[in-house]
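Overview (structure and organization)
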Amino acid sequence: MKIKISADSTCDLSQELIEQNNISIMPLSVSLGDKSCLDGVTIVPQDIYDYYAATKKLPKSGARSVEEYSEYFDSIFAEGYDAVVHFTISADMSASFNNADLAAKELQNVFVVDSRQLSTGIGLLVLDACDMAADGMSAENIAARANSRTAATRSSFIIDTLEFLYKGGRCSALALLGANLLQIKPCLEVKGGLIGVSSKPIGRYRRCVAKYCENIKNGITNPDKKRCFVTHTQMDEGITEEVVATVKSWGIFDEVLETTAGCTVTTHCGANTIGILYINDGGLPTKRA
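The present account deals with the structure reproduced in this document. Being a predicted model, the structure only gives us computed values, none of them experimental. (Residues numbered from 1 in each chain as written. Predicted model: local features only at pLDDT ≥ 70, side-chain atom pairs only at ≥ 80, totals over all residues. Heavy atoms only, no water.)

1. With respect to the packing of helix H3 (residues 66–78) against helix H4 (residues 96–105)
Heads up, the condition is: For helices, the fitted axis covers only the stretch in contact; all axes are lines through C-alpha atoms, and the angles between them, taken along N-to-C directions, range from 0 to 180 degrees. The way it works is that DSSP assigns letters per residue, a run of H or I at least four long becomes a helix, a run of E at least two long becomes a strand, and they are numbered from the N terminus. To sort the angles, those under 35 degrees are grouped as roughly parallel, those over 145 as roughly antiparallel, those from 65 to 115 as roughly perpendicular, and the leftovers as oblique. Handedness of a crossing follows from how the near helix is turned relative to the far one, being left-handed for an anticlockwise turn of less than a right angle and right-handed for a clockwise one. Contacts were defined at the residue level, with two residues in contact if any of their heavy atoms lie within 4.5 Å.
Direction vectors running N to C along H3 and H4 enclose 55°, while the axes themselves pass 8 Å from each other. In terms of their interaxial angle, H3 and H4 are classed as oblique. You can see that H3 and H4 cross each other, and the crossing is right-handed. For the pair H3 and H4, the contacting residues are Val66, Tyr69, Ser70 and Phe73 in the first and Ser96, Asn99, Ala100, Leu102, Ala103 and Ala104 in the second.

2. Points about the nonpolar core
Under the convention used in this document: Definition of nonpolar core: a set of buried residues of the types Ala, Val, Leu, Ile, Met, Phe, Trp, Tyr and Cys, connected through side-chain atoms within 4.5 Å. Three exposure classes are used, based on accessible area relative to the maximum for each residue type with a 1.4 Å probe and protein chains only: buried under 20%, partly exposed in between, and exposed over 50%.
In terms of nonpolar packing, the biggest core is built from 41 residues, with Ile5, Leu13, Val85, Phe87, Val126, Ile142 and Phe229 touching the most fellow members. It is helix H5 (residues 120–134) that provides the largest number of residues to this core, a total of eight residues. The contact partners of Phe87, leaving out residues within four places of it in the chain, are Ile5, Ser6, Ala7, Asp8, Val113, Ile122, Leu125, Val126, Ala129 and Ala146. Among the nonpolar cores identified, the runner-up in size contains 23 residues, and Tyr205, Tyr212, Ile220 and Trp250 belong to it.

3. Let's talk about the sheet that holds strand S7 (residues 110–114)
The pairing of strands in a sheet comes from backbone hydrogen bonds and takes either a parallel or an antiparallel form. What counts is decided by this rule: DSSP bridges decide pairing: two strands pair if at least two such bridges lie between them.
The strand order S2-S1-S6-S7 describes an open sheet built from four strands, whose pairing is parallel. What marks the edges here is a single partner per strand, and that holds for strand S2 (24–26) and S7. Neighbouring strand axes in the sheet, compared pairwise and without regard to direction, differ in orientation by 25° on average.

4. Points about helix H6 (residues 139–149)
Basically, it comes down to this: Starting at the helix axis, one direction is taken to each C-beta atom, and the arc is that of these directions.
Among all positions in H6, only Ala139, Ile142, Ala143, Arg145, Ala146 and Arg149 are buried. Summarising the axial view, the buried residues of H6 lie within an arc of 165°, below the 170-degree limit, and thus occupy one face. Check the buried side of H6 and you find it contacts strand S1 (3–8), strand S6 (83–88), S7, H5, strand S8 (153–154) and strand S14 (273–279).

Quick look at the structure:
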């Protein structure tokens, strides 16, 4: 069976990884005022920074419709594939899963996975699915294994400023003022499909990033050693390289992949946002099925 692994653009995989693994991407909708764009196709993160600098407004992201997902899946089958395993951002963050799942119910051999994650937390599950497909597993079993790993996927970021969260209505003016006065650099973590604040380190950003890295290392108890991600928005010089070097120095992961976050993380968190993402279940054995 010829299986296509697919994901919404929120998976934040690099173009190189997408091409290497023959992954199909469904771009989500992003609106800059009255202008409707497609994530990663007609809009990139730099456009968001430019738009915000000019208007002090943030774009709005949106899920694709049921009809658009139907057309998308049909186009994959038209290429000669027998089945599709598609990954979406957490259903608690977007209507993407619901719309994709409704479209899948009208088709055969389309399996939609609610990642319960965002960014390369999704990407980790997508690459694991590519490994399973290459190993000869069935689409149904790939989706089942992916669903079993969502709770073990660890997605977190440390951010430099609450400005974008405030502009997006996700924190109060008082919280923004307090964070600025106290130099709080919040750490955001996905739990149960939702984003919450896991800690609030105080001080200069670089020092807080180092503390974030230390906390991540201490929280790794049973890692899938195959790969992890360091994913970031637009960063001050040297920070990304320092984090990548730090994660590599742990000697835990066989591969440390660096990617730039797409429009979703950029819109919510702004520049100087960086995260370490991995799966903490020891690496499940694969079985040909």
